[in-house]
Amino acid sequence: MRTVPADPYPFTFDPASTALVIIDMQRDFVEPGGFGETLGNDVSWLQAVVPPLKKVLETARAVGLTVVHTREGHVPDLSDCPPAKLNRGEPSLRIGEPGPKGRILVRGEYGHDIIDELAPAPGELVIDKPGKGSFHGTSFGAELAARGITSLVVTGVTTEVCVHTTVREANDRGYECLVLSDCVGSYFPEFQRVGLAMIAAQGGIFGWVAPSQAFLTALTGADDTVPTDAAPVPQEVAP
Amino acid sequence: MSASAFPAGAAPKVPERHIRMTTDLHPARARTAARIGPVAADPYPWPYDGSVEAARTALICIDWQVDFCGPGGYVDRMGYDLALTRAGLPATAAMLAHAREIGMLVVHTREGHAPDLSDLPANKRWRSKRIGAEIGSAGPAGRILVRGEPGWEIVPEVAPVPGEVLVDKPGKGAFYATNLDLVLRTHGITHIVLTGITTDVCVHTTMREANDRGYECLVLSDCTGATDPGNHDAALHMVTMQGGVFGAVATSTAVIEGTSA
């Protein structure tokens, strides 16, 4: 087992049953000129996530941790896009319409794919999700169960929307979630702050929060398991 | 060659949208002429599609339980100010009366676990013990968060009446491991109005689940509350961003004023 100093208290995990989950690091959300920026958002807040997350991803690969990427998007005929999501708020750019990097939030389009810096490696799981949560309408839960995963290290964007929804779903399903504070990002600094605070509130109501370096130190360090079934040290040696 | 599910020559057309809602109301439900909307809401007049039959709209009252807002309950025992979680009770009682009058489907949820705790995840139990209110342990209002105990009951101010839907949930979200989605679809519900506690935990989790499932959601700012006022405000603010990423926010007064007979 490994232990990470975390808020509200240390997070203990076994790398064999832990997955790194990278949520929605898609060009349309993260890159300048994408859908997110077109909506008036400052993508620099999300760009700041890329270097530390790249380091976490590379280390996770080096030690053989399970890696899962998610992408929010819809099938090209939009048959999995609820009408309320499509039409709400009279959006200036609607899902499915042509955007700067292809049709907005449509699977297979350039803008829907994950940024080059964090591109999935062969064999890594990629979950396409129609909503904010990674569990609803996907095989995510079944894939985790098949791999014996019980703990999730959660990263990606945006903190208060897709990261939070996924952590809430995971927590109700009994997964232990550690959110890496510098590897999740929001377009709004205030939501970044309060989003992380809500996870650790009330004794860790949704999970734990720690900076990525604390996680990497634990991941690459020694196993800190205290043996519980070891033979007791003899106090006297029989003649 | 296996038999086709379609008659010869009748090729299937575009597949049915799997999120399509039931088009008929449940036969047991009375239909009134009342419609809700447009309701003055943030960030857009709710609902997105202009207005909706009251009969197609559910009022979901989340976790108004003694354990969360009553003396001697779980939240009281954790040391939080009960006035914060009780603040929304009067407005919710008024909204409940309105919902019953105009024929909305009324749903009450209760968070809790089976007496043998077989549906309590180990980490949830461990965390509750760590903060001094272990789920399943004896408290002033019975065993904490256990179904059938006094603390698990809904407080009298907003108690269910016979015929209303009760959903018992083991988690924060009202959709996970419950029949809520089935009940809503069976009743032809397409729109949801949310009240309850706490704003940032169970109300938000349920609203996110409902939104991903295609329900058009409205959360009532005066019918919710949290153990931390800052988290209450932030949770409502989050809903309004990005054009209403999870739906919209309004007051119960706005819903009542936005209802036409």
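Anyway, here's the lowdown on the structure attached to this text. Everything numeric here is computed off the predicted structure, so don't read it as measured data. Along each chain, the written sequence defines residue order, and numbers are assigned to residues from 1. Lettering for chains starts from A, numbering for ligands starts from 1, and both go in the order in which the items are written. Whole-chain, interface and lining totals are the exception, using all residues; otherwise, since this is a predicted model, local features are given only for residues with pLDDT of at least 70 and side-chain atom pairs are given and counted only at 80 or more. To obtain the side-chain values, all non-hydrogen atoms of the structure were included, while hydrogens and water were left out.

### Examining the overall build of chain A
Put simply, the test is: Where helices and strands are cited, they refer to DSSP runs of H or I of at least four residues and of E of at least two residues respectively, numbered from the N terminus. Partly exposed residues are those whose accessible area sits between 20% and 50% of the maximum for their type, while under 20% is buried and over 50% is exposed, using a 1.4 Å probe and protein chains only. In this description, contact between two residues means that some pair of their heavy atoms is separated by no more than 4.5 Å. Charge counting treats Lys and Arg as positive and Asp and Glu as negative, with His and both chain ends excluded. The atoms used to mark charge sites are NZ of Lys, CZ of Arg, CG of Asp and CD of Glu.
Regarding its fold elements, chain A presents nine helices and ten strands. Expressed along its principal axes, the backbone C-alpha trace of chain A runs to roughly 85 × 35 × 30 Å. Split into buried and exposed, the 239 residues of chain A put 56% on the buried side. Taking as baseline every contact in chain A between residues at least 6 positions apart, the subset at least 24 positions apart corresponds to 74%. Looking at charge distribution, chain A has the averaged site of its 18 positive side-chain charges lying 5 Å from that of its 30 negative ones.

### Side note on empty space enclosed by the protein
We apply this condition: Here a cavity means grid points, on a 1 Å grid over the protein atoms only, where a 1.4 Å probe fits yet cannot get out; a pocket means an open set of points with protein on both sides within 12 Å along at least five of seven lines; lining residues are those with an atom within 4 Å of a point. Grid points are joined across faces, edges and corners, and a volume is the space filled by probe spheres set on the points. Classes in brief: Ala, Val, Leu, Ile, Met, Phe, Trp, Tyr, Cys and Pro nonpolar; Asp, Glu, Lys and Arg charged; the others, Gly included, polar.
With the rule as written, the count across this model stands at three cavities of 30 Å³ or more. A volume near 320 Å³ is recorded for the largest cavity. Forming the walls of the largest cavity are 27 residues, and the residues nearest its centre are A:Ile205, B:Tyr74, B:Glu111, B:Lys124 and B:Lys172. For the lining of the largest cavity, the secondary structure elements donating two or more residues are helix 7 (159–172) and helix 8 (189–204) of chain A together with helix 2 (74–77), helix 5 (122–130) and helix 7 (199–212) of chain B. Residue contributions to the lining of the largest cavity peak at four residues, all from helix 5 of chain B. Among the residues forming the lining of the largest cavity, the class breakdown is 13 nonpolar, eight polar and six charged. Taken as a whole, the second largest cavity encloses approximately 40 Å³ of empty space. Forming the boundary of the second largest cavity are A:Pro82, A:Lys85, A:Pro130, A:Gly131, A:Lys132, B:Asn211 and B:Asp212. In terms of residue class, the lining of the second largest cavity is made up of two nonpolar, two polar and three charged.

### So, the pairing of strand 4 (residues 105–111) of chain B
Residue and element names in this part refer to chain B. Which entries qualify depends on this criterion: Any two strands are treated as partners once DSSP identifies two or more bridges connecting them.
In terms of residue burial, strand 4 counts as a mostly covered element, since seven of its seven residues are buried. On strand 4, burial covers both faces: Leu105, Val107, Thr109 and Glu111 on one face and Val106, His108 and Arg110 on the other are all buried. Two strands pair when backbone bridges link them, and strand 3 (residues 57–62) and strand 4 are joined in this way by five bridges, in the parallel orientation. Directly across from Ala58, in strand 4, lies its bridge partner Leu105. Pairing analysis gives five bridges linking strand 4 to strand 7 (residues 165–169), with the strands arranged parallel. Bridging across to strand 7, Val107 finds its partner in Val165.

### Here we look at the pattern of salt bridges
Residue and element names in this part refer to chain A. This is how it is decided: Should a side-chain nitrogen of Lys or Arg be within 4 Å of a carboxyl oxygen of Asp or Glu, the pair is scored as a salt bridge.
Under the definition given, this model contains 26 salt bridges over all chains. Arg61 is paired through a salt bridge with Glu124; the nearest N and O atoms lie 2.7 Å apart. Of this pair, Arg61 sits in helix 4 (residues 50–63) while Glu124 sits in the loop between strand 6 (102–103) and strand 7 (125–129); the two residues are 63 residues apart in sequence, bridging distant segments of the chain. Accessibility expressed as a relative area gives 32% for Arg61, which makes it partly exposed. Classification of Glu124 as buried rests on a relative accessible area of 16%.

### What about the sheet that holds strand 4 of chain B?
Residues and elements named next belong to chain B. Condition: Only the contacting stretch of a helix is used when fitting its axis, a line to C-alpha atoms as for every element, and angles between N-to-C directions run 0 to 180 degrees.
Strands sit in the order 7-4-3-8-9-10 across an open sheet of six strands; the sheet is parallel. One side of each edge strand has no neighbouring strand; the edge strands of this open sheet are strand 7 and strand 10 (248–250). Geometrically, the sheet is characterised by an average inter-axis angle of 25 degrees between neighbouring strands, direction not taken into account. Relative to the sheet, helix 8 (residues 229–240) contacts strand 9 (216–225) and strand 10, its axis offset from that of strand 9 by approximately 160 degrees.

### As for the layout of surface pockets
Each pocket or cavity is described by its volume, and for the largest pocket that value is around 570 Å³. Around the largest pocket sit 30 residues that line it, and A:Phe35, A:Leu39, A:Lys132, B:Gln242 and B:Val245 are the ones nearest its centre. Looking at the lining of the largest pocket, the elements with two or more residues in it are helix 2 (35–38), helix 5 (83–87) and helix 7 of chain A. The element contributing the most residues to the lining of the largest pocket is helix 5 of chain A, with three residues. Looking at the lining of the largest pocket residue by residue, the classes come out as 14 nonpolar, nine polar and seven charged.

### Observations concerning the environment of A:Arg147
Residue and element names in this part refer to chain A. Convention followed: Here a polar contact means two N or O atoms within 3.5 Å. Within protein one must be a hydrogen donor candidate and the other an acceptor candidate, and residues neighboring in sequence count only if both atoms are side-chain atoms.
Tracing the backbone through its elements, the reader meets Arg147 in the loop between helix 6 (140–146) and strand 8 (151–157). Among the residues examined, Arg147 registers a relative accessible area of 36% and is labelled partly exposed. Sequence-wise, Arg147 and Gly102 are 45 residues apart; in three dimensions their C-alpha atoms are separated by 34 Å. Ignoring sequence-local partners within four residues, the contact set of Arg147 consists of Thr66 and Leu125. A distance of 2.7 Å separates the side chain of Arg147 from the side chain of Glu143, its partner in a polar contact.

### Here we look at the nonpolar core
Keep this limit in mind: Grouping buried Ala, Val, Leu, Ile, Met, Phe, Trp, Tyr and Cys residues that are joined through side-chain atoms within 4.5 Å yields what is termed a nonpolar core.
By size, the foremost hydrophobic cluster in this structure holds 55 residues, and its most contacted members are A:Leu144, A:Leu152, B:Ile60, B:Leu184, B:Ile192 and B:Leu194. Non-local contacts of B:Ile60, meaning those with residues more than four positions away in its chain, are made with B:Val107, B:Thr109, B:Leu180, B:Leu184, B:Ile192, B:Val193, B:Leu194 and B:Thr195. Judged by nonpolar contacts, the second largest core, of 45 residues, contains B:Ala54, B:Cys61, B:Trp64 and B:Leu89.

### A closer look at the side chain of A:Asn171
For A:Asn171, the position within the fold is in helix 7. Only 3.0 Å separates the side chain of A:Asn171 from the side chain of B:Arg127, close enough to count as a polar contact. Beyond its immediate chain neighbours, meaning those up to four positions away, A:Asn171 contacts A:Ile205, A:Phe206, B:Asn123, B:Arg127 and B:Lys172.

### A look at helix 7 of chain B
Since the α-helix packs 3.6 residues into each turn, any two residues three or four apart lie on the same face. Residues and elements named next belong to chain B. Which entries qualify depends on this criterion: A helix is expected to reach a length of 1.5 Å times the quantity of its residues less one.
Helix length check: helix 7 (14 residues) gives 18 Å between terminal C-alpha atoms against 20 Å at 1.5 Å per residue, within 8%. Counting buried residues in helix 7 gives 14 out of 14 residues, a clear majority hidden from the surface. The first or second residue beyond helix 7 is Gly214, which carries a positive phi of 95 degrees.

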